[in-house]
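These are the residues of each chain, in order.
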Amino acid sequence: MCEDNNERINNMKKIGFIGVYDKTDLVLVISELLVKSGRKVLFIDATKDEKAKYIVPSIMPTVSYITSFEDIDVAIGFENFTQVKQYVCADDENEMEYDYVFIDTDDIEKIKMFELTSSDQLYYVTSFSGYSLRKGIEILRKVDLPLRMTRVFFTKEMLKEEDDYFDYLTLDLKIKWNDNKIYFLLENGDLSAIMENNRLQCIKLRNLSIEYKENIIYMASQICPEVNERFYRKIVKDM
């Protein structure tokens, strides 16, 4: 269906996910779509709580390590990109045997240490709770360079008032927002499906909502447009 599904992308691409809202499961699911399309993915959990440590199984974990989960390489406990490269015995990014590196962080220092200002794409993920909004924006306010980002909202309803409030809070930032916005609706059964995945230590999509599936297909298509969208849909259907 997609002629180049098994061809390796020449240059590794770095995708950043920024914000204090929990993004671990979202990043894992998108990673799995790319893995099943023939890409090699490294997911670096650079958040303060390192949630991936608790939901990704690992044999005898150390302070910092890379483990495989559903054919995704997951890196935990690293302070910067240099440490990751040393762990995989690579002198520079071109020697890392990955098509994509996904970096999840909620810390301005990690944005700098993992060089997210040079990312191929950046996603800012938030809910509309006071903490998620204000703490996340506090991080963005410390960004020195103008960055282009796509907004990903987790919300109960897609309200214009929420959009207007977000625009007001971010008015003075150096961030350049992409026109497209991605909305994940809360309270539609997705949380229960994700909790079951965590309990079973697997990635399954069959119990997720249609909206959730459409969003991850859309995001995967943005990140890796070389793969036909119909192929992503087939992957989602089979999971």
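What you see is a predicted model, and the numbers here were worked out from it, not measured in a lab. (Residues numbered from 1 in each chain as written. Predicted model: local features only at pLDDT ≥ 70, side-chain atom pairs only at ≥ 80, totals over all residues. Heavy atoms only, no water.)

A look at the overall build of the protein chain
Step number 1: The helix and strand inventory of the protein chain stands at nine helices and eight strands.
Step number 2: In terms of overall size, the protein chain behaves like a compact globule, its C-alpha atoms giving a radius of gyration of 17 Å where 239 residues would be expected to give roughly 18 Å.
Step number 3: Expressed along its principal axes, the backbone C-alpha trace of the protein chain runs to roughly 45 × 40 × 35 Å.
Step number 4: Put simply, of all contacts in the protein chain between residues at least 6 apart along the chain, 76% involve residues at least 24 apart.
Step number 5: When the accessible area of the protein chain is evaluated, it comes to approximately 12,100 Å², of which 48% is carbon and sulfur surface.
Step number 6: Side-chain charges of the protein chain comprise 32 positive and 43 negative groups, with the mean position of each set lying 2 Å from the other. (Helix = DSSP H or I, 4+ residues; strand = E, 2+ residues; numbered from the N terminus. Rg over C-alpha atoms; globule rule 2.2 N^0.38 Å. Contact = heavy atoms within 4.5 Å. Areas by Shrake-Rupley, 256 points an atom, 1.4 Å probe, with all protein chains shown as cover. Lys, Arg positive; Asp, Glu negative; His and termini not counted. Charge placed at Lys NZ, Arg CZ, Asp CG, Glu CD.)

Focus on the packing of helix H8 (residues 210–223) against helix H9 (residues 229–238)
Geometrically, a packed helix pair is captured by the angle between its two axes and the distance between the axes.
Step number 1: Orientation of H8 relative to H9, taken along the N-to-C sense of each, is 140 degrees, at an axis distance of 10 Å. With respect to H9, the axis of H8 lies oblique. The interaxial crossing formed by H8 with H9 has right-handed handedness. Facing H8, whose interface residues are Lys213, Glu214, Ile216, Ile217, Ala220 and Ser221, H9 presents Glu229, Tyr232, Arg233 and Val236.
Step number 2: Looking at the contact of H8 with H9 residue by residue, the classes come out as five nonpolar, one polar and four charged. (Axes fitted to C-alpha atoms, helices over the stretch in contact; angles between N-to-C directions. Parallel < 35°, antiparallel > 145°, perpendicular 65-115°, else oblique. Left-handed = near helix turned anticlockwise from the far one by under 90°. Nonpolar A, V, L, I, M, F, W, Y, C, P; charged D, E, K, R; others polar.)

Here's the deal with the sheet that holds strand S2 (residues 41–46)
Across a sheet, strands are paired by hydrogen bonds formed along the backbone, either parallel or antiparallel in direction.
Step number 1: Strands sit in the order S3-S4-S2-S5-S1-S6-S7-S8 across an open sheet of eight strands; the sheet is mixed. With partners counted over all chains shown, the strands left at the sheet margins are strand S3 (65–69) and strand S8 (176–185), one partner each. Taken over all neighbouring pairs, the strand axes of this sheet differ in orientation by 20 degrees on average, direction set aside.
Step number 2: Relative to strand S4 (residues 72–76), S2 runs parallel, the two sharing four bridges. Looking at S4, one finds that leucine 42 is bridged to aspartate 73.
Step number 3: Against the sheet, helix H1 (residues 24–36) makes contact with strand S1 (13–18), S2, S3, S4, strand S5 (100–105), strand S7 (148–155) and S8, and its axis sits at roughly 170 degrees relative to S2, the strand it touches most. (Pairing = 2+ DSSP bridges.)

Looking at the confidence of the model for the protein chain
Step number 1: In the predicted model, the protein chain carries a mean pLDDT of 90, and 94% of its residues have values of at least 70.
Step number 2: Low pLDDT, under 50, characterises residues 1–10; the predicted model gives this stretch 22 contacts beyond four residues in sequence or across chains. (pLDDT = per-residue confidence, 0-100.)

Comments concerning unusual backbone geometry
Step number 1: In this structure, glutamate 50 is a non-glycine residue whose phi angle is positive, near 50 degrees.
Step number 2: The topology assignment puts glutamate 50 in the loop between S2 and helix H2 (52–55).

A few points about the pattern of salt bridges
Step number 1: For the coordinates displayed, the defined rule picks out 19 salt bridges.
Step number 2: Across the salt bridge formed by glutamate 50 and lysine 53, the nearest N and O atoms sit 3.1 Å from each other.
Step number 3: The shortest N-O distance in the salt bridge between lysine 112 and glutamate 109 comes to 3.9 Å. Pair noted here: lysine 112 and glutamate 109 are both in helix H4 (residues 108–113), with a separation of three residues, about one helical turn.
Step number 4: Of the residues examined, lysine 112 reaches a relative accessible area of 45% and is grouped as partly exposed.
Step number 5: Taking relative accessible area as the criterion, glutamate 109 reaches 42% and is therefore assigned partly exposed.
Step number 6: In the salt-bridge network here, residues are joined through shared partners; they are Asp22, Asp25 and Lys51. (Salt bridge = Lys/Arg side-chain N within 4 Å of Asp/Glu carboxyl O. Buried < 20%, exposed > 50% of the residue type's maximum accessible area, 1.4 Å probe, protein only.)

Concerning the pairing of S5
Consecutive residues of a regular strand have side chains that alternate between opposite faces of the sheet.
Step number 1: Burial of S5 is extensive: six of the six residues sit out of reach of the surface.
Step number 2: Neither face of S5 is left uncovered, since the one carrying Tyr100, Phe102 and Asp104 and the one carrying Val101, Ile103 and Thr105 both have all their residues buried.
Step number 3: Relative to S5, S2 is paired through six bridges, and the arrangement is parallel. Of the residues in S5, the one forming a bridge with phenylalanine 43 is phenylalanine 102.

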